[in-house]
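# Observations on the model geometry
Chain residues, written in single-letter form:
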Amino acid sequence: MALFVAALATMIITGLFYRQFVLLRTIENQQLTSQSRLLLRGALDWGRAILREDANRSQYDALSEPWSQPLAETRLDQLGETGSLAALATIAGSMEDAQGRFNLRNLVENGQVLERELQTLQRLVTLLQLPEQTADLIALRMAEAMPAVVAPDQGGGISDAELRARDKPRPLPLMLPQDIAGISGIDPAAVQRLAPYVVVLDERTAVNANTATAEVIAARVPELTLAEARTLVAERDRVSYFNNTGEVRTRLGNKGALVTDSEISTASRFFFIRGEVKLDRAVTRMEALVKRAIPGQGQQAVAVLWTREI
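Residues numbered from 1 in each chain as written. Predicted model: local features only at pLDDT ≥ 70, side-chain atom pairs only at ≥ 80, totals over all residues. Heavy atoms only, no water.

The subject of this paragraph is the overall build of the protein chain. Secondary structure summary: the protein chain contains 8 helices and 11 strands in total. Sorting the 310 residues of the protein chain into buried and exposed places 41% on the buried side. Residue pairs in contact within the protein chain that sit at least 24 positions apart in sequence constitute 65% of those at least 6 positions apart. When the accessible surface of the protein chain is summed, it comes to about 17,100 Å², and 55% of that surface belongs to carbon and sulfur atoms. (Helix = DSSP H or I, 4+ residues; strand = E, 2+ residues; numbered from the N terminus. Buried < 20%, exposed > 50% of the residue type's maximum accessible area, 1.4 Å probe, protein only. Contact = heavy atoms within 4.5 Å. Areas by Shrake-Rupley, 256 points an atom, 1.4 Å probe, with all protein chains shown as cover.)

Written out as structure tokens, the structure is:
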């Protein structure tokens, strides 16, 4: 009986110690994660500072500029930090020009699908060898989620039909490229293939010829083949980037007249900032979309549109 009581007491004490250990480890992990998130805010501020400085450095945005150079995994104390976590934490980061992708927001204007923009997406889908209906399904979803602006009639009122159309339930707008996976009829494999080439921004934007891939440029410029676009990108990266849209059209030759300044540019305002912090056992990754204000407008230089952990 004494041995049984001793064994039972040992099991109970062991269980209590184990539960206490699990509780302490859980609290430690939560603390490490919270500290990592705070450090990631520093990575976001780092990216915004670089973009602010870049706005005053040049009139174009290209892959040769400081903002496009990734930050390799580096200990915080090597970056000049002197806090207690500096020797324990490492940080890495990178930035991507969001206007190097095709903006799905371009598809719709005042509730209507723009045929020219739809054709651009259709060309991109074809170049990526995806099902033809992918572009039409995306355009339909964008139109459903972005209703037309209802203007009052001459009497200052709005008709019953317009009110019913405005109050009709609508799907949530797309925010991330991966959100197209929620569109009925789209193959999940097509989502993985298409997502790196598209973006959803809060206004219509031009494609930056200095940062876009050959597939996006070929889709954006009518009659431009993928082989010609790849040659253009190779020359751009090897020789020199474009200072203005005039140089883009010159390099495109006769096909340069087929694209307008609202469709192609050499500067950008929207960027992705990505960061990763490793702190002991915790690894936290973040992605943010930021928008750089037009110089002279008096707004916040680089505003954060959204952030998410990845």
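Next, the rest of the story.
Across its 13 residues, helix 2 (residues 115-127) extends 18 Å between first and last C-alpha, which sits within 8% of the 18 Å expected from 1.5 Å per residue. Buried residues in helix 2 make contact with strand 3 (102-103), strand 5 (112-113), helix 3 (133-145), helix 5 (188-194), strand 6 (198-199) and helix 6 (214-220). Looking one or two places after helix 2, you find glutamine 129, whose phi comes out positive at around 60°. (Expected span 1.5 Å × (residues − 1).)

Opposite charge on two side chains makes pairing possible when the charged atoms of those side chains draw close. Overall, the coordinates contain 22 salt bridges when judged by the stated rule. The partner of arginine 269 in a salt bridge is glutamate 203, with the nearest N and O atoms 3.0 Å apart. Placement of the pair is arginine 269 in the loop between strand 8 (264-265) and strand 9 (270-279) and glutamate 203 in the loop between strand 6 and strand 7 (207-208), with a sequence separation of 66 residues. Owing to a relative accessible area of 25%, glutamate 203 belongs among the partly exposed residues under this scheme. Each of Glu96, Arg101, Arg274, Glu287 and Arg308 takes part in one network of salt bridges that share partners. (Salt bridge = Lys/Arg side-chain N within 4 Å of Asp/Glu carboxyl O.)

What describes two packed helices is the angle between their axes and the distance between those same axes. It is the contact of helix 2 with helix 3, at a shortest axis distance of 8 Å, that shows an interaxial angle of 140°. It follows from the interaxial angle that helix 2 and helix 3 lie oblique. Seen from above, helix 2 lies across helix 3 with right-handed handedness. Taking contact as the criterion, the partners of Leu118, Leu121, Gln122 and Val125 in helix 2 are, on helix 3, Thr134, Ala135, Asp136, Ile138 and Ala139. Its residues assigned to classes, the contact of helix 2 with helix 3 shows 6 nonpolar, 2 polar and 1 charged. (Axes fitted to C-alpha atoms, helices over the stretch in contact; angles between N-to-C directions. Parallel < 35°, antiparallel > 145°, perpendicular 65-115°, else oblique. Left-handed = near helix turned anticlockwise from the far one by under 90°. Nonpolar A, V, L, I, M, F, W, Y, C, P; charged D, E, K, R; others polar.)

On the surface, a nonpolar cluster with roughly 660 Å² of combined accessible area is contributed by Met1, Phe4, Val5, Leu8, Ile12 and Leu16. With respect to the helices and strands, valine 5 occurs in helix 1 (residues 2-55). Given the relative accessible area of 47%, valine 5 is considered partly exposed. (Patch = residues over 30% accessible without salt bridge, like charges linked within 9 Å, V, L, I, M, F, W, Y side chains within 5 Å.)

What follows covers unusual backbone geometry. The phi dihedral of asparagine 110 is positive, around 55°, even though this residue is not glycine. Checked against the element boundaries, asparagine 110 lands in the loop between strand 4 (108-109) and strand 5. Residue glutamine 129 is not a glycine yet carries a positive backbone phi of 60°. Structurally, glutamine 129 is set in the loop between helix 2 and helix 3.

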